[in-house]
Amino acid sequence: MKNSLLYIIGFVSLIFCFTSCTAEQKKYVIGVSQCSDDSWRTKLQQELELSTYFNDEVQLILCSANDNVEKQRQQIDSLVNIGVDLLIVSPQQLDDLSSSISRATERKIPVILFDRKSDVKNYTAFMGADNYRIGQMLGDYAATLLGDAGTIVEIGGEHGSSPAIERHRGFTDAIKRYPNVHIIGYEEGNWKQTSGNAAMENILQRLERENPDFTINLVFGGNDRMAEGAREAVNRYVVMHPQSALARQSPVKYLGIDALPTPGGGMEKVRDGILTASAIYPTHGDELMQLALNILEGKAYEKNNDMETSLVTSDNANVLLLQNKEIENQHRYIQKMHARVDGILSQLSVQRLALFSIIFVVLVVSTLLVVSVRAYRTKKRLYEQLRQKNEEINHEKATVERQRDELEEQRDQYLDATTKKENAVVEGDIDGELADGSRNTFMENFMQCLDERFTDPDLSVEDIGRAMCLSRVQLYRRVKAITGKTPVEFIREKRLKEASLLLTDGSLSVSEVAYRVGFSAPSYFTKCYKDFYGKSPSGKKK
Ligand code: FRU
């Protein structure tokens, strides 16, 4: 029994061990805190998620602060409290997040700053494009487009964010090298299209106030969305002021940053001539995931990871879009395959679970079977021992009962002998007593006493005598004189006659009948029955 239990416990632990080893385990939890929520960030997140398909051990927790610094601070704090293994943060502002990021690094959580910088010093790594260089590249390209002479309006990114600061610096540094190119207006937006529109409105109003004949040759937007918003404002102005210099001049050129290849993104705007050019601001979620894994796995990594950029113009926009379409198709294919693999894996785990359950049930059932067979055998053995013991006891009981009856009979014989010696006195006594007419009364009493007590196996002649206020000798003599039988014989006959009736009824076994009529050993009952009726009680039974 003990062995069987150990056997089950061992096997179950083995199963658990096996299932937990084969179960998919997420080893690294990576928290991603995005400052904003837009198509550029959506693309980045999709790439991060896609790269988890190839890195099963990674679990991503994605959060967006929706341009709210306080919210981003709280999100980083709760990611730190959860105990993520690594944090990827794209901070909204250069400052403001330093305390939250420092708390993470104090808890030894590596922090990757992505796309935007923060003024914290102890971050683990940075990955992003060189925004200063992008600004510079677009400055040079603007000058080239203008033939080194012309007017520019710049719509800067969100105040205080590192890409806005660096793009602006790069652009103005480049323009400084072209003495005939002038930036005649600068306003900051918040990266959204509406903010580009509003900023441009302000600039147009100011320029009109200062000189109604103003012209603008190029607008540089801190990103594509703001450049497009600015374009809407210029077009509206031109419609409303058809006689203005701005309406009569050659079309304004628009430069932006991001060049997203997604539908409605900057790349399509360049292809469709809405924007003149845009600098690719890469997302590269796959490279970001690789950097995170290198850090987590203790592999070598660079602290500063520069992502390359390049210019999208009407010359290459279409080709780039086609290439991107190809990549998109591949992504979709990978996603489909992943969904399939997921389906197969979950089917597999269901099957595995079913298999283990079946094995477990079979094992439990067979163990129970072994246990019950063993228990049955033990029970049978014990039962046999008990039966033998019972037989021995019964045998002893029968012997004792027989000896008791023999003793009684010997006593009766002794009584008979003494009675003969004292013949005259005793017989006179008995005749006197019996002649008294009490013969019938005596027998009635004796029979009643017997009826009440014959079923008691311990009943003795003395007991009856005591009940009838007679000594054993008196009782013996009277019974013998009236019936010609000794009381022992009389009691035995009474029991055997009752037994005969019960056996005829047939509802009780021989042993039950024996006990019922006051024999304490069925074997002695059988012997007496045979002696009395000349046949065995089992033959009498119906
Ligand atoms: C997206 C975005 C981009 C921009 C970048 C700068 O949230 O506004 O358009 O290039 O952030 O961090």
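Everything that follows concerns the structure shown earlier in this document.
Residues numbered from 1 in each chain as written. Predicted model: local features only at pLDDT ≥ 70, side-chain atom pairs only at ≥ 80, totals over all residues. Heavy atoms only, no water.

Student: Can you walk me through the sheet that holds strand 8 (residues 218–221) in this structure?
Tutor: Through backbone hydrogen bonds, the strands of a sheet pair up, either in parallel or in antiparallel fashion. Strand order in the open sheet formed by 6 strands is 7-6-8-9-10-12, and the pairing between neighbours is mixed. This sheet does not close on itself; its edge strands, each paired only once, are strand 7 (181–188) and strand 12 (311–313). Taking each pair of neighbouring strands and ignoring which way they run, the sheet shows an average axis angle of 20°. Inspection of the sheet shows strand 8 paired to strand 9 (residues 253–258) by 3 bridges, in the parallel sense. Paired with valine 219 across the two strands is tyrosine 254, which belongs to strand 9. Where helix 5 (residues 131–145) meets the sheet, its contacts fall on strand 6 (150–156), strand 7, strand 8, strand 9, strand 10 (277–280) and strand 12, and the angle it forms with strand 9 comes to roughly 160°. (Pairing = 2+ DSSP bridges. Helix = DSSP H or I, 4+ residues; strand = E, 2+ residues; numbered from the N terminus. Axes fitted to C-alpha atoms, helices over the stretch in contact; angles between N-to-C directions. Contact = heavy atoms within 4.5 Å.)

Student: It is not clear to me how the nonpolar core should be interpreted in this structure. Could you clarify?
Tutor: Here is a general trend for soluble globular proteins: nonpolar side chains tend to be buried in one another's company. Ranked by size, the top nonpolar core spans 42 residues in total, and within it Ile30 and Leu138 carry the most contacts. Looking at this core element by element, the count peaks at 7 residues for helix 11 (residues 285–296). If we ignore the near neighbours within four places in the chain, the residues touching leucine 138 are Phe171, Phe220, Leu255, Gly256, Ile257, Ala279 and Leu311. Counting residues in each nonpolar core, the second largest holds 31 residues, with Phe446, Cys449, Val461 and Leu508 among its members. (Core = buried A, V, L, I, M, F, W, Y, C linked by side-chain atoms within 4.5 Å. Buried < 20%, exposed > 50% of the residue type's maximum accessible area, 1.4 Å probe, protein only.)

Student: What should I look at first to understand the site of the ligand in this one?
Tutor: By nearness alone, every residue bordering the ligand is listed as Asp38, Trp40, Arg41, Asp115, Arg116, Pro163, Arg167, Trp191, Asn223, Arg225, Asp258 and Tyr281. Within the side chain of arginine 41, one N or O atom sits 2.7 Å away from an oxygen atom of the ligand. Here an oxygen atom of the ligand and a side-chain polar atom of arginine 225 are 3.3 Å apart. Burial of the ligand by the protein chains amounts to 99% of its free accessible area of 310 Å². Elements represented by at least two residues in the shell around the ligand include exactly helix 2 (39–53) and helix 6 (162–176). (Near = heavy atom within 4 Å. Polar contact = N/O pair within 3.5 Å; in protein donor to acceptor, adjacent residues only side chain to side chain. Areas by Shrake-Rupley, 256 points an atom, 1.4 Å probe, with all protein chains shown as cover.)

Student: Even after reading the chapter, I still don't get the packing of aromatic side chains, so can you show me in this structure?
Tutor: The geometry of an aromatic ring pair comes down to the distance between the two centres and the angle between the two planes. Overall, the coordinates contain 11 aromatic pairs when judged by the stated rule. Geometrically, the ring pair formed by tryptophan 40 and tyrosine 281 is stacked, given 5.3 Å between the ring centres and 25° between the ring planes. In this pair, tryptophan 40 is assigned in helix 2 and tyrosine 281 in the loop between strand 10 and helix 11, connecting sequence segments 241 residues apart. Considered together, tryptophan 40 and tyrosine 281 belong to a single accessibility category, that of buried residues. Plain terms: the ring middles of phenylalanine 171 and phenylalanine 220 are 4.1 Å apart, the flat faces sit at 20° to each other, and that makes the pair stacked. Of this pair, phenylalanine 171 sits in helix 6 while phenylalanine 220 sits in strand 8; the two residues are 49 residues apart in sequence, bridging distant segments of the chain. Residues phenylalanine 171 and phenylalanine 220 agree in their burial class; the two are buried. Cluster of aromatic residues (ring-pair linked, three or more members): Phe519, Tyr524, Phe525, Tyr529, Phe532 and Tyr533. Lysine 303 extends its terminal NZ or CZ atom over the ring of tyrosine 123, reaching a point 4.4 Å from the ring centre. Lying across the ring of phenylalanine 442, arginine 478 places its NZ or CZ 5.9 Å from the centre. (Phe/Tyr/Trp six-rings, centres within 6.5 Å; stacked < 30°, edge-to-face > 60°. Lys NZ or Arg CZ within 6 Å of the ring centre and 35° of its normal.)

Student: How should the pairing of strand 9 be read in this particular structure?
Tutor: Consecutive side chains of a regular strand alternate in pointing toward one face of the sheet and then the other. Counted residue by residue, strand 9 has 5 buried out of 6 residues, so it is predominantly covered. As paired elements, strand 9 and strand 10 share 4 bridges and run parallel to each other. Paired with leucine 255 across the bridge in strand 10 is alanine 277. Following the backbone out of strand 9, through helix 10 (residues 266–271) and into the adjacent parallel strand 10, one traces a crossover that is right-handed. (Right-handed = clockwise from strand over helix to strand, strands pointing away.)

Student: Is there a simple way to think about the sheet that holds strand 4 (residues 111–114) in this case?
Tutor: On the basis of which strands lie adjacent, the open sheet formed by 6 strands has the order 2-1-3-4-5-11 and parallel pairing. Looking along the sheet, the strands with just one partner apiece sit at the ends: strand 2 (58–64) and strand 11 (304–307). Taken over all neighbouring pairs, the strand axes of this sheet differ in orientation by 15° on average, direction set aside. Its contacts with the sheet place helix 4 (residues 98–106) against strand 3 (86–90) and strand 4, and it is angled at close to 145° to strand 4.

Student: Which parts of the structure should I look at to understand unusual backbone geometry?
Tutor: Note: most residues except glycine have negative phi, and most peptide bonds are trans. Phi angles above zero are rare outside glycine, and asparagine 66 is one such case at about 45°. Of note, asparagine 66 is situated in the loop between strand 2 and helix 3 (69–82). Its relative accessible area of 40% is what places asparagine 66 among the partly exposed residues. Within the chain, alanine 259 stands out as a residue other than glycine whose phi angle is a positive 50°. Mapped onto the elements of the fold, alanine 259 is located in the loop between strand 9 and helix 10.

Student: Honestly, the side chain of glutamate 166 in this entry has me stumped. Any pointers?
Tutor: Mapped onto the elements, glutamate 166 comes out in helix 6. Exposure remark for glutamate 166: the relative accessible area of 12% places this residue in the buried category. Apart from residues lying up to four places away in sequence, glutamate 166 is in contact with Lys117, Asn131 and Tyr132.

Student: Where do I start with helix 18 (residues 522–533) in this structure?
Tutor: Think of an α-helix as 3.6 residues a turn; residues three or four steps apart then line up on the same face. Compared with the 16 Å implied by 1.5 Å per residue over 12 residues, the 16 Å span of helix 18 between its first and last C-alpha is a close match. Turning to helix 18, its buried residues are Pro522, Tyr524, Phe525, Cys528 and Tyr529. Relative to the axis of helix 18, the buried residues are bounded by an arc of 150° and lie together on one face. Positive backbone phi, at 75°, marks glycine 534, one or two positions downstream of helix 18. (Expected span 1.5 Å × (residues − 1). Arc of directions from axis to C-beta.)

Student: Please clarify how the pattern of salt bridges should be interpreted in this entry.
Tutor: Side-chain pairing between opposite charges can occur once the charged atoms of the two side chains come close. The tally for this structure, following the rule as stated, stands at 29 salt bridges. Put simply, lysine 494 and aspartate 451 hold a salt bridge, and the shortest N to O gap is 2.6 Å. Remark: aspartate 451 occurs in helix 13 (residues 423–453) and lysine 494 occurs in helix 16 (residues 487–505); sequence separation between them is 43 residues. Judged by relative accessible area, aspartate 451 falls into the partly exposed class, the value being 43%. One salt-bridge network, held together by shared partners, links Arg41, Asp115 and Arg116. (Salt bridge = Lys/Arg side-chain N within 4 Å of Asp/Glu carboxyl O.)

Student: Help me out: how do you make sense of the environment of arginine 41 in this one?
Tutor: You can see arginine 41 is positioned in helix 2. Residues arginine 41 and serine 64, 23 residues apart in the sequence, show an inter-C-alpha distance of 9.3 Å. Apart from residues no more than four positions distant in its own chain, arginine 41 is found in contact with Gln34, Cys35, Ser36, Ser90, Asp115 and Arg116. A distance of 3.0 Å separates polar atoms of two side chains, one belonging to arginine 41 and the other to glutamine 34. A distance of 3.0 Å separates the side chain of arginine 41 from the side chain of serine 90, its partner in a polar contact.

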